[in-house]
Amino acid sequence: MVTENDIVYVELNKEEFREAAEVALIIATSISDRPDLHPRDLLERFIDCLMGEVAERMVLRWLRQNGKYAKPAADKKAAERDPGHDILVKLVNNKIVRASIKSSLSALKDNPGQILSTFTLAVTPEEIRKINIQVYFWLSLKRSPRVTVPSMKQAAIVAWAFDDDLRKTNFKGYRGEERLAPELKLKDLRPPSELLDWLV
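Quick notes on the rules
Residues numbered from 1 in each chain as written. Predicted model: local features only at pLDDT ≥ 70, side-chain atom pairs only at ≥ 80, totals over all residues. Heavy atoms only, no water. Core = buried A, V, L, I, M, F, W, Y, C linked by side-chain atoms within 4.5 Å. Buried < 20%, exposed > 50% of the residue type's maximum accessible area, 1.4 Å probe, protein only. Helix = DSSP H or I, 4+ residues; strand = E, 2+ residues; numbered from the N terminus. Contact = heavy atoms within 4.5 Å. 1 Å grid on protein atoms, 1.4 Å probe; cavity = no way out; pocket = protein on both sides within 12 Å on 5 of 7 lines; lining within 4 Å. Points joined across faces, edges and corners; volume = space filled by probe spheres on them. Nonpolar A, V, L, I, M, F, W, Y, C, P; charged D, E, K, R; others polar. Phe/Tyr/Trp six-rings, centres within 6.5 Å; stacked < 30°, edge-to-face > 60°. Lys NZ or Arg CZ within 6 Å of the ring centre and 35° of its normal.

(A) How the structure looks around the nonpolar core. Judged by nonpolar contacts, the single largest core of 37 residues is most densely connected at Leu 63, Val 89, Ile 131 and Ile 133. Sorting the residues of this core by element identifies α1 (14-28), α2 (42-65), β2 (86-90), β3 (96-106), β4 (131-138), β5 (155-162) and α5 (192-198) as the ones contributing at least two each. When residues of this core are assigned to their parent elements, the largest contribution, 10 residues, is made by α2. Dropping the residues within four chain positions of it, Leu 63 is found in contact with Lys 68, Ala 70, Ile 87, Val 89, Leu 195, Leu 196 and Leu 199.

Below, the structure is given as structure tokens:
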């Protein structure tokens, strides 16, 4: 079980953030949205892409700080980009595998404990990778100080799952979107620290 004490906070430096913003702008102005998404304008698409790029760099920084092999799976500035936020990691058997990093934003649940007990990993059956990592951003709309836009101070690596963990659970419709999501809550996945034991 994952608790609030298990989540990992990572704040990017200025160079990492600048790179994330540059890549997010390239992606936001060139991608086509999935057919199951509502129509998004450029600002909404940019913020979503930026959260994804920040989340990817959070995970890369954290893994590297812990001495683990971790690198982007694709050149984000190339004409043909990876369709999601995937990185390459190395398992203890030295096999290099893809890890998918999902970023989500909570507006109504404004603390990690509520997020862990309410939400699921933002992955569809088709998007499952060997390792699946969830990063969450949360707003604070009703308490002081108010945080009304995504912030790295209110963002954390919250949980992860192996592909087999997700294939053992049912997927059902996700309220408000035309996609499937696993029934397992984030609290029922694996804590971030456990991932370090599986990687070199």
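Back to the text.
(B) Layout of the layout of surface pockets. The calculated volume of the second largest pocket comes to roughly 210 Å³. Every residue lining the second largest pocket is counted, 13 residues in all, and those nearest its centre are Glu 19, Glu 56, Arg 57, Leu 60 and Pro 72. Among the elements that take part in the lining of the second largest pocket, α2 stands out by supplying 5 residues, more than any other. Broken down by class, the residue content of the lining of the second largest pocket amounts to 4 nonpolar, no polar and 9 charged.

(C) Inspection of the packing of aromatic side chains at higher detail. Under the definition given, this model contains 4 aromatic pairs. Cluster of aromatic residues (ring-pair linked, three or more members): Trp 160, Phe 162 and Trp 198. The residue whose ring lies beneath Lys 90 is Tyr 69, and the NZ or CZ to ring-centre distance is 4.9 Å.

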